[in-house]
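Single-letter residue listing:
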Amino acid sequence: MPTDTKRVRGPEVSQSPSLFSCKPAAVLPPHGPRADGRQRDQVDVRPVFVRCGLVSQAKGSAYIEAGNTKLMSCVYGPRETERKDETDMKCGRLTTDMRFAPFSCPERGSWIQGSQDKDLSLMLHESLQPAVCLHKYPRSQIEVNVMVLENSGSVLAHAVTCASLALADAGIEMYDLVLGCSIRQDGSSHVVDPTYMEENSCGSVSSENQGGLTVAFLPSLNQISGLQSDGEMTEETLTAGVRTCIEGCYKLYPVIQQALAKAVRRAAAPPSES
Amino acid sequence: MATVQVSEAEKVYILHGIRDDLRVDGRGCEDYRHMEIETDVVSNTDGSAKVTLGHTAVLVGIKAEIGKPRPMVPKEGYLEFFVDCSANATPEFEGRGGEELGTELSNTLYKVFNNKKSVDLRSLCISAGEHCWVLYVDVLLLQCDGNLYDAISIAIKAALFNTKIPRVHISSDDEGGKEIELSDDPYDCMRLNVENVPCIVTLCKVGHRYVVDATLQEKACSVASLIISVTHKGTVTCMRKVGGGSLDPESVYEMTEAGKRVGKTLHAPLMKLLQEEESLGTKRQKVGFLG
């Protein structure tokens, strides 16, 4: 396990105080309304706030807020690539990096990238790669960095949306925007765009059909560019879940398009008076 | 993953063949290659298995150690996965080259087993909050000829079936602390129930059709694959899309259904084979690594 040698750490066996709390973690009832008032079994995504062009140094950047989940993404490139393999001569290379700030989750995380961060970065890469026209950038490298400032559920889905928005803001040629949506299946009902509590609740007594699913989707081309599920679900539930996520992405599309159009209009020069 | 260079003409040939349900080696689109499974190949482990699928060879060793349970789940043991891509497989894996592939494979394995039903973790508990069995599942890739996920998952299932965890007795010693004693009899051990351990099926999208158990050449012709891990009941524990291309939603539904069908039929013959091998006992002819 890699250790962080640059910081003075607290005592070796420090633990989070939440382990010692007297009341057990509230198990959300599987059939009641959701904690934040949204509906179960319906495509009810959290309202989203997006803004492009935050970081002045980056070629393109975006910030997304959905409920309490806050993420920002920066894109650098295309810049000349260091390694010159034969494949680089024909098309560009996309590198992705997704990190969690240590204060983002209820439990303190570490600055060293754990295996979960690497796994999410890989999935982000797989979701974005089909959408970017890499053949237009031979011998170049495009870097996408996503930083999670607050993790309140469905982080990968929003990271995909944020990263594709940052790519568009950077002027990288793409076939389509990539939008992400995730659901959590709990028994016979599902919740779209789960919060942290809904994602990590140990689940109801009947442990049939428990799991989460995240889909990355290109709306205009109707293609799925990323898919990931865990837990244990039947195949019919999964197929229905994929359809629900696609619907969720379609719901999000107009908001993202509007934000992008606003950013472009702001950045463009005003029309000349003559 | 280890790659081969495939020319355009060869790609077209493979594509057209698959379109007509005939692959280069004569298989149908949903057929596996010749598979050989042998358990108990490494004597220093608590459970081991070697699987050869065509030219892909995978060796899994499981060691059980006593450790401290995770704080959030004090009554359960846990599994730790590690995949090592040996430089024997291809020269690309020399040094740290195989690390990326290894982490990708182990992360997927964690997801596949991240549910309450695959392995009964409560049976791995010795005393709640203090001691539990930790199963270190180490996977070694010996040869790489495509379809690593399938071979690894079958090898893990066989190795878990073969695992013999020694029984422990907890006694309290004079000062009131707990003392753990392993029983002296080497045959007094606990076996795991592997009925619910899932198997992974990889479906590669080639042209408009999908193939199961793709070789490296077929993989070079496909842009995207779907990994689906299926239990014997037909439930799906993990599904992932890999590769740099995108998939049509209709293909995803088709491939999920096919993956479930293929995966479900893998389990029954595998369990039968493992039980047959077990019943042979000491009379079994060991094939080992040179067979």
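Everything below is about the structure printed above this text.
Residues numbered from 1 in each chain as written. Chains lettered and ligands numbered in written order. Predicted model: local features only at pLDDT ≥ 70, side-chain atom pairs only at ≥ 80, totals over all residues. Heavy atoms only, no water.

Turning our attention to the overall build of chain B. Assigned secondary structure in chain B consists of 5 helices and 14 strands. Over its C-alpha trace chain B gives a radius of gyration of 21 Å, about what one expects of a compact globule, namely 19 Å for 291 residues. Taking the principal axes of its C-alpha atoms as reference, chain B extends roughly 75 × 45 × 40 Å. For chain B, with 291 residues in total, the buried portion stands at 53%. Summarising the internal contacts of chain B: among those between residues at least 6 apart in sequence, 70% fall at separations of at least 24. In the form shown here, chain B has an accessible surface area of approximately 13,800 Å², with 51% of it arising from carbon and sulfur atoms. (Helix = DSSP H or I, 4+ residues; strand = E, 2+ residues; numbered from the N terminus. Rg over C-alpha atoms; globule rule 2.2 N^0.38 Å. Buried < 20%, exposed > 50% of the residue type's maximum accessible area, 1.4 Å probe, protein only. Contact = heavy atoms within 4.5 Å. Areas by Shrake-Rupley, 256 points an atom, 1.4 Å probe, with all protein chains shown as cover.)

Residues and elements named next belong to chain A. Buried residues dominate strand E8 (residues 210-218), accounting for 9 of its 9 residues. What you see with E8 is no split at all: Gln 210, Gly 212, Thr 214, Ala 216 and Leu 218 on one side and Gly 211, Leu 213, Val 215 and Phe 217 on the other are buried throughout. By the bridge criterion, 8 bridges tie strand E6 (residues 179-186) to E8 in an arrangement that is antiparallel. Opposite Gln 185, over in E8, you have Gly 211 as the bridge partner. Summarising the sheet, E8 and strand E9 (residues 223-232) pair through 9 bridges and their orientation is antiparallel. Its bridge partner lying in E9, Phe 217 is registered against Ile 224. The hairpin turn running from E8 into E9, its antiparallel successor, is 4 residues long, and Asn 222 in that turn takes a positive phi close to 55°. (Pairing = 2+ DSSP bridges.)

The next subject is the pattern of salt bridges. All names here are of chain A. In total, this model carries 21 salt bridges over all chains according to the counting rule given. For Asp 193, the salt bridge goes to Arg 46, with nearest N and O atoms at 3.2 Å. Of this pair, Asp 193 sits in the loop between strand E7 (189-192) and helix H4 (196-200) while Arg 46 is found in the segment before strand E1 (48-52), placing the two residues 147 residues apart along the sequence. When sorted by exposure, Asp 193 lands in the same class as Arg 46, which is buried. (Salt bridge = Lys/Arg side-chain N within 4 Å of Asp/Glu carboxyl O.)

For helix H5 (residues 249-280) of chain B, which comprises 32 residues, the first-to-last C-alpha distance of 47 Å matches the rise-based estimate of 46 Å (1.5 Å per residue) to within 8%. Of the residues trailing H5(B), B:Gly281 is marked for its positive phi of about 60°. (Expected span 1.5 Å × (residues − 1).)

Glancing now at the sheet that holds strand E3 (residues 69-80) of chain A. Residues and elements named next belong to chain A. Here we have 5 strands laid out as an open sheet, ordered E1-E2-E3-E5-E4, and mixed in their pairing. Two strands in the sheet have a free side with no partner beyond their single neighbour: E1 and strand E4 (93-100). Each strand of the sheet is rotated relative to its neighbour by a mean of 15°, with strand direction disregarded. Bridging between E3 and strand E5 (residues 140-150) involves 9 bridges; their strand directions are antiparallel. Paired with Ser 73 across the two strands is Val 146, which belongs to E5. Helix H2 (residues 115-128) contacts E4 and E5 of the sheet and is inclined by roughly 140° relative to E4. Against the sheet, helix H3 (residues 155-169) engages E1, strand E2 (60-66), E3, E4 and E5, with an angle of about 40° to E3. (Axes fitted to C-alpha atoms, helices over the stretch in contact; angles between N-to-C directions.)

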